Amino acid sequence: MQQLTTARIEAGSLLSGLSLKGPRSARRGLGATALGSARPWSYLFRAVYQVSISHAGDFSYVGIDAILEQMRRKAMKQGFELNIMVVGQSGLGKSTLMNTLFKSKVSRKSAQPNPEEKIPQTIEIKSISHDIEEKGVRMKLAVIDTPGFGDQINNENCWQPIMKFINDQYEAYLQEEINIDRKKRIPDSRVHCCIYFIPPTGHCLRPLDVEFMRRLSKVVNIVPVIAKADTLTLEERDDFKQTIREELRANGIDVYPQKEFDEDAEDRLINDKIREMIPFAVVGSDQEYQVNGKKILGRKTKWGTIEVENIAHCEFAYLRDLLIRTHMQNIKDITGSIHYEMYRVRRLNESNAGPGLAPGQAPTLVSAHTNGQTKVNGGPPNGMAAQCEVLTHEM
Ligand SMILES: Nc1nc2c(ncn2[C@@H]2O[C@H](COP(=O)(O)OP(=O)(O)OP(=O)(O)O)[C@@H](O)[C@H]2O)c(=O)[nH]1
Ligand SMILES: [Mg+2]
């Protein structure tokens, strides 16, 4: 089921941070668009004209730098898409956090306080998307809400519906890609990032969380969060974060931003800071309150109001910045060039070896790109084959 609403960003910025922060690919992909706001066609001609005038007499100037303006225009026209999935045990606040994201600075969408309206328990995988616009830049933000697991006596294989959904989206993309008469722009429903909710026990990860994240991290970018962080004291929160980081390392779970995909020293520096903060301790709410004359999203308690967008109270704003402001393009790049690529290579190799893909769609050309290498009509390059064997994209 797909709901579509339109919202306009009121404050904050979708792109303002990108020219300064974020990994190189993020800057490459979006940085150019951060250079200015929406301007009509005439602006481009004027800009090019002005550049030409300023370089008049400089016969060595070719105008390569104008590519940035061309890219910015193209990106503005196309807009951006981001698909985020929320996963975790039942009752941890996944649906609430999803609403928080939509009602927070990202959209400020009709956040009418309605205490009567309770978020029902999620019973099916459901995608809700909003069209957001800021400074002329359009973005379609889709959040895929999933039913919580852990309610069953036997929770074995409870990751399967999630895995299936992720793989189904890869498959839909693949089928569109290999279609002879394919669309100019393939609709992208692939899950770019999966927010995994860890219960705020303060102890350690449960075997179920370890197993779930271990499997998911091989097919999708995982960002773990400590749910309902308002139930932990600051010391408990810090200790729990440290414990979780150690356990993730000990269990070989590579969450986003993955160290092996840092492109250079600058990336490493920025991403190391994020890796030190992960998992983000978040608090969710879709209720608005008045605090010091300002409207805030928060949770009212007997001893005060927890402001979900206040970094002194919780780390929701850091999570939102990572997803949208600083790393959106990188998250999408890794989805396309690593996770989807693994799926694609394995599927196409499979179908080349056995029966074809869907009728009339059997490809003859198999190519895999990793680290700038391309191999045609053969197995995947450099250890990809080995990785593909290890990475079981359950279907
Ligand atoms: N203390 C606290 N309670 C929260 C927080 N977020 C949500 N809740 C409450 O937890 C309850 C469950 O929230 P949901 O958002 O429905 O949880 P869910 O993970 O979507 O649950 P399922 O749909 O069953 O998987 C609600 O009563 C929320 O108000 C939080 O950050 N802190
Ligand atoms: Mg729910």
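Residues numbered from 1 in each chain as written. Chains lettered and ligands numbered in written order. Predicted model: local features only at pLDDT ≥ 70, side-chain atom pairs only at ≥ 80, totals over all residues. Heavy atoms only, no water.

### A few points about the coordination of the magnesium ion (ligand 2)
- Protein ligation of the magnesium ion (ligand 2) involves Ser95 (OG) and Thr122 (OG1), the donor distances falling in the range 1.9 to 2.1 Å. One end of the pair, Ser95, is in helix 4 (residues 94–103); the other, Thr122, is in the loop between helix 4 and strand 3 (126–134), and 27 residues separate them in sequence. The same class applies to Ser95 and to Thr122, which are both buried. (Donors = N, O, S within 2.8 Å, 3.2 Å for Na, K, Ca; no water. Helix = DSSP H or I, 4+ residues; strand = E, 2+ residues; numbered from the N terminus. Buried < 20%, exposed > 50% of the residue type's maximum accessible area, 1.4 Å probe, protein only.)

### Description of the site of ligand 1
- Surveying the vicinity of ligand 1 reveals 17 residues, the closest of which are Ser90, Lys94, Thr96, Thr122 and Asp230.
- Between Ser95 and ligand 1, the recorded distance is 2.9 Å, taken from a side-chain N or O atom to an oxygen atom.
- Contact distances for ligand 1 include 2.7 Å between an oxygen atom and a backbone N or O atom of Thr122.
- Out of a free accessible area of 650 Å², ligand 1 has 79% covered by protein chains.
- When residues in the shell around ligand 1 are grouped by element, the largest group, 3 residues, is from helix 4. (Near = heavy atom within 4 Å. Polar contact = N/O pair within 3.5 Å; in protein donor to acceptor, adjacent residues only side chain to side chain. Areas by Shrake-Rupley, 256 points an atom, 1.4 Å probe, with all protein chains shown as cover.)

### Remarks on the pairing of strand 6 (residues 222–226)
- Extensive coverage of strand 6 is indicated by the burial of 5 of its 5 residues.
- In strand 6, alternate side chains face the same way, and those of Ile222, Pro224 and Ile226 on one face and Val223 and Val225 on the other are all buried.
- Where strand 5 (residues 193–198) meets strand 6, 5 bridges bridge the pair, whose relative direction is parallel. Residue pairing for strand 6: Cys194 is matched across the bridge by Ile222. (Pairing = 2+ DSSP bridges.)

### Quick look at the packing of aromatic side chains
- Under the defined criterion, the tally for this structure stands at 5 aromatic pairs.
- With a centroid separation of 5.1 Å and an interplanar angle of 80°, the aromatic rings of Tyr173 and Tyr340 are classed as edge-to-face. Of this pair, Tyr173 sits in helix 5 (residues 160–177) while Tyr340 sits in helix 10 (residues 328–353), placing them 167 residues apart in sequence. An identical accessibility class is assigned to Tyr173 and Tyr340; each is buried.
- Centre to centre, the rings of Tyr196 and Phe212 are 5.6 Å apart; their planes meet at 45°, and the pair counts as tilted. Pair noted here: Tyr196 is in strand 5 and Phe212 is in helix 6 (residues 207–216), with a separation of 16 residues, a long-range link. Assigned by exposure class, Tyr196 and Phe212 land together as buried.
- A connected cluster of aromatic rings, assembled from ring pairs, spans Tyr170, Tyr173, Tyr340 and Tyr343. (Phe/Tyr/Trp six-rings, centres within 6.5 Å; stacked < 30°, edge-to-face > 60°.)

### Section: the pairing of strand 2 (residues 80–88)
- For strand 2, a buried count of 8 out of 9 residues is recorded, marking the element as mostly surrounded by other parts of the structure.
- Pairing of strand 2 with strand 4 (residues 137–145), which is carried by 7 bridges, proceeds in the parallel orientation. Directly across from Asn83, in strand 4, lies its bridge partner Ala142.
- Across 5 bridges, the pairing between strand 2 and strand 5 is parallel. Bridge pairing in strand 5 links Met85 to Cys194.

### Description of unusual backbone geometry
- Here Tyr256 and Pro257 are connected by a cis peptide whose omega angle stands at -5°.
- Note on placement: Pro257 falls in the loop between helix 7 (234–250) and helix 8 (265–277).
- Each neighbour pair has its own omega, and for Ile278 with Pro279 the value is 0°, a cis peptide bond.
- Topologically, Pro279 is positioned in the loop between helix 8 and strand 7 (280–281).
- If you check the backbone angles, Lys228 has positive phi at about 45° while not being a glycine.
- With respect to the helices, strands and loops of the structure, Lys228 is situated in the loop between strand 6 and helix 7.

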